[in-house]
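Structure assessment
Single-letter residue listing:
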Amino acid sequence: MERRDVLKLGSLALMGLAIPESAPEAAPAQDLSGDATTFLHCWADEKGVTHVAIKPISKAAKPLPFASQMDLHFDGVPLHPQHKSPHPQFVVTLQGEFEVEGSDGSRLKAPASGLTYMEDTTGEGHTVRLVNAVNINLPAPEKFDVLAWARGEG
């Protein structure tokens, strides 16, 4: 696949992140990983412990206001040791598997949406495991509140 094809796919994937009004509500069940209206959230708490969880996206969520930079990764490295996110950012997995492990031991794969939000810029950090992954990293706007956005409030 040529780079321009991957960029086109990435653009199409990003356009699909706005949830249409006809999309079903995310189920309140624990395992939401198969639902396209969810995202993987990685954050550090006040004690510096990094956590990961699958969070629902409300059908009232607005299109995402991305910053101007985009980073495309064809990652051949299957394991990225524990590290912090350099800045709050979305990771959109276009192909393969993207798995995040928090310092609390929680370990989850990106859901069917391919959307992950990394904001553990402090604390102990996270470990990433990849299988044939192609990811687009998109820095979030300053003071972006991903949970308010996911509830349809921002």
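Quick notes on the rules
- Residues numbered from 1 in each chain as written.
- Predicted model: local features only at pLDDT ≥ 70, side-chain atom pairs only at ≥ 80, totals over all residues.
- Heavy atoms only, no water.
- Helix = DSSP H or I, 4+ residues; strand = E, 2+ residues; numbered from the N terminus.
- Buried < 20%, exposed > 50% of the residue type's maximum accessible area, 1.4 Å probe, protein only.
- Contact = heavy atoms within 4.5 Å.
- Areas by Shrake-Rupley, 256 points an atom, 1.4 Å probe, with all protein chains shown as cover.
- Pairing = 2+ DSSP bridges.
- Core = buried A, V, L, I, M, F, W, Y, C linked by side-chain atoms within 4.5 Å.
- 1 Å grid on protein atoms, 1.4 Å probe; cavity = no way out; pocket = protein on both sides within 12 Å on 5 of 7 lines; lining within 4 Å.
- Points joined across faces, edges and corners; volume = space filled by probe spheres on them.
- Nonpolar A, V, L, I, M, F, W, Y, C, P; charged D, E, K, R; others polar.
- Polar contact = N/O pair within 3.5 Å; in protein donor to acceptor, adjacent residues only side chain to side chain.
- Salt bridge = Lys/Arg side-chain N within 4 Å of Asp/Glu carboxyl O.

**Examining the overall build of the protein chain**
Of regular secondary structure, the protein chain possesses two helices and eight strands. Counting helices and strands in the order they occur from the N terminus, the protein chain gives α-β-β-β-β-β-β-β-β-α. Counting every position in the protein chain, which comprises 154 residues, the buried fraction comes to 40%. Considering only contacts within the protein chain whose residues lie at least 6 apart along the sequence, 77% involve residues at least 24 apart. Surface exposure of the protein chain reaches about 8500 Å², of which carbon and sulfur atoms provide 53%.

**Considerations on the pairing of strand 1 (residues 38-44)**
When you tally the buried positions in strand 1, you get six out of seven residues, the bulk of the element. With seven bridges joining them, strand 1 and strand 2 (residues 50-56) adopt antiparallel strand pairing. When the sheet's bridge partners are listed, tryptophan 43 is paired in strand 2 with histidine 51.

**Digging into the nonpolar core**
One broad rule of soluble globular proteins: the nonpolar side chains tend to lie buried together. Core analysis: the largest hydrophobic core is formed by 17 residues, its most contacted members being Phe39, Phe90, Leu115, Tyr117, Phe144, Val146 and Trp149. Where this core is concerned, the elements lending two or more residues are strand 5 (89-102), strand 7 (115-118), strand 8 (126-139) and helix 2 (146-150). Among the nonpolar cores identified, the runner-up in size contains twelve residues, and Leu40, Val91, Phe98 and Ala110 belong to it.

**Regarding the layout of surface pockets**
Here the largest pocket is characterised by a volume of approximately 280 Å³. Along the wall of the largest pocket there are 16 residues; nearest its centre are His83, Gln89, Phe98, Val128 and Asn137. Only strand 4 (79-83), strand 5 and strand 8 provide two or more residues apiece to the lining of the largest pocket. It is strand 8 that provides the largest number of residues to the lining of the largest pocket, a total of five residues. Split by residue class, the lining of the largest pocket holds six nonpolar, eight polar and two charged.

**Digging into the side chain of histidine 126**
Mapped onto the elements of the fold, histidine 126 is located in strand 8. Within the structure, histidine 126 has its side chain in polar contact with the side chain of aspartate 120 (distance 2.6 Å). With residues up to four places along the chain from it excluded, the contact list for histidine 126 reads Cys42, Thr50, Pro81, Gln82, His83, Lys84, Ser85, Val100, Glu101, Met118 and Asp120.

**Observations concerning the environment of proline 139**
Its location among the elements puts proline 139 in strand 8. With 50 residues separating them along the chain, proline 139 and glutamine 89 place their C-alpha atoms 4.2 Å apart.

**Topic: the pattern of salt bridges**
When the charged atoms of two side chains with opposite charge come close together, those side chains can pair. Enumeration over the complete set of coordinates arrives at four salt bridges. When the shortest N-O distance is used, the salt bridge between lysine 109 and glutamate 97 registers 3.1 Å. On the criterion of sequence distance, the pair formed by lysine 109 in strand 6 (residues 107-109) and glutamate 97 in strand 5 is long-range, its members being twelve residues apart. Of the residues examined, glutamate 97 reaches a relative accessible area of 36% and is grouped as partly exposed. Among the salt bridges present, the one from arginine 151 reaches glutamate 153, with a minimum N-O distance of 3.1 Å. Judged by its relative accessible area of 46%, arginine 151 falls in the partly exposed class.

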